[in-house]
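# Observations on the model geometry
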Amino acid sequence: TETENTKGDDSRILMDRAIPFIQDAVEKKLPFFAAVWFHTPHSPVVGGPKYREMYQDQPKHAQHYYACLTAMDEQIGRLRAKLKSLGVANNTMVFFCSDNGPARQGSPRHVGTAKNLKGYKLSLNEGGIRVPGLMVWPEKIKEPCSVTTPCFTSDYFPTILAALKIPLPSDRTYDGVDILPFATGKQTEREKPLGFLNKDGKEAAWITNRYKLISRKKGNELYDLITDPGENNNLIEAKPKITKLMEAQLLNWKSGVMAELKLVPN
């Protein structure tokens, strides 16, 4: 239950609940879907003594941060080992992605970094939304590959339904697309841009295969993410046609989302 087995590393506690569910489904020969939302590395960042000991040469904050990540990594390995022992690893699609960017510098026990990317958690710059994403499905994707096409978690639902050969319901609008063609090399460019809203719609971003428009009260920005992923060169004046098109697309998308959320555009 929710009140039992709650002592120790939270990654292990979460996996203790996921694995019995998966094992039960496999034993009953039922398909299963499991979403495992790890807390790591959200605040409070508290590493257990076993994992902190591995990083004794690091400062105190880093010890806790790396300890939490190591504990989570151990549980992901545990999950994959269980799928293999149950005989379903080859035909199980496993997604993993990081949370949205590192915390602001100075946050308690956070030592993560976005390296050369601008921004941080809760920012619409690349440092706040560009994160590692992995997909493993041995039966379908037999060779390792890197996908440079922009993708996001809204793609999961259409991708899973496509894998199951289930048509998307037609009674709603979808931001996501099936990303399997990117992973299998059948497609290299995304037709539907990615949209992001922040601060109840006060900030928004619209991303195509190459360009990114950020809309803020203080003014809009346009970046070429292929040549300038660090978002250092604002092209808003140099690319007026692209800017105008993307601004119209973003406004149309944002209006639809705000209406669904019953928020007033601004």
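Because the structure is predicted, anything quoted here is derived from the model rather than measured.

## Quick word on the overall build of the protein
Summing up its helical and strand segments, the protein has seven helices and six strands in all. Reading the protein from its N end, one meets helices and strands in the order α-α-α-β-α-β-α-α-β-β-β-β-α. Oriented by its inertia axes, the alpha-carbon framework of the protein measures out at about 55 × 50 × 40 Å. Scored against the burial criterion, the 266 residues of the protein give a buried share of 33%. A sequence separation of at least 24 residues applies to 51% of the contacts in the protein between residues at least 6 apart. Approximately 16800 Å² of the protein is accessible, and the part contributed by carbon and sulfur atoms is 55%. Taking the average place of the 37 positive charges on the side chains of the protein and the average place of its 30 negative ones, the gap between the two points comes to 1 Å.

## Some thoughts on the pattern of salt bridges
Under the definition given, this model contains 14 salt bridges. Residue Lys28 is joined to Asp24 by a salt bridge in which the shortest nitrogen-to-oxygen separation is 3.2 Å. Residue class for Asp24 comes out partly exposed when judged on its relative accessible area of 35%. We note a salt bridge from Arg130 to Glu126, for which the minimum N-O separation is 2.7 Å.

## Quick notes on the pairing of strand β4 (residues 203-207)
The element β4 is largely enclosed, with a buried count of five among its five residues. Burial of β4 is two-sided: the residues Glu203, Ala205 and Ile207 facing one way and the residues Ala204 and Trp206 facing the other way are all buried. Where strand β3 (residues 194-198) meets β4, five bridges bridge the pair, whose relative direction is antiparallel. Within the sheet, the bridge partner assigned to Leu197 lies in β4 and is Ala204. Alignment of β4 against strand β5 (residues 211-215), held across four bridges, turns out to be antiparallel. Looking at β5, one finds that Ala204 is bridged to Ser215.

## As for the pairing of β3
The buried count for β3 comes to four of five residues, which makes it a mostly enclosed element. The hairpin formed by β3 and β4 contains four residues between the paired strands, and Lys199 there has a positive phi angle of roughly 55 degrees.

## Quick look at the packing of helix α1 (residues 10-27) against helix α3 (residues 60-85)
One can describe the packing of α1 onto α3 by two numbers: an axis separation of 10 Å at closest approach and a directional angle of 10 degrees. The angle between the axes of α1 and α3 places the two elements in the roughly parallel class. Note on element contacts: α3 touches α1 through Ala71, Met72, Gln75, Arg78, Leu79, Lys82 and Leu83, opposite Ser11, Arg12, Met15, Asp16, Ile19, Ile22 and Gln23. Taken together, the residues of the contact of α1 with α3 sort by class into seven nonpolar, three polar and four charged.

## Remarks on the sheet that holds β3
Read from one edge of the open sheet, four strands run β3-β4-β5-β6, paired in antiparallel fashion. Each edge of the open sheet carries a strand with a single partner, namely β3 and β6 (221-224). Averaged over all pairs of adjacent strands, the angle between their axes in this sheet comes to 15 degrees, without regard to strand direction. Where helix α7 (residues 240-261) meets the sheet, it contacts β3, β4, β5 and β6, and its direction lies at approximately 60 degrees from that of β5.

## Notes on the state of the cysteines
A disulfide bridge is the covalent bond that connects two cysteines by way of their sulfur atoms. Counted under the stated rule, the structure contains zero disulfides. There is no disulfide at Cys68, and the cysteine sulfur nearest it, in Cys97, is 18 Å away. What makes Cys68 buried here is its relative accessible area of 5%. Not part of a disulfide, Cys151 finds its nearest cysteine sulfur in Cys145, a span of 11 Å. Residue Cys151 is classed as partly exposed on the basis of its relative accessible area of 34%.

Calculation notes
Residues numbered from 1 in each chain as written. Predicted model: local features only at pLDDT ≥ 70, side-chain atom pairs only at ≥ 80, totals over all residues. Heavy atoms only, no water. Helix = DSSP H or I, 4+ residues; strand = E, 2+ residues; numbered from the N terminus. Buried < 20%, exposed > 50% of the residue type's maximum accessible area, 1.4 Å probe, protein only. Contact = heavy atoms within 4.5 Å. Areas by Shrake-Rupley, 256 points an atom, 1.4 Å probe, with all protein chains shown as cover. Lys, Arg positive; Asp, Glu negative; His and termini not counted. Charge placed at Lys NZ, Arg CZ, Asp CG, Glu CD. Salt bridge = Lys/Arg side-chain N within 4 Å of Asp/Glu carboxyl O. Pairing = 2+ DSSP bridges. Axes fitted to C-alpha atoms, helices over the stretch in contact; angles between N-to-C directions. Parallel < 35°, antiparallel > 145°, perpendicular 65-115°, else oblique. Nonpolar A, V, L, I, M, F, W, Y, C, P; charged D, E, K, R; others polar. Disulfide = S-S within 2.5 Å.

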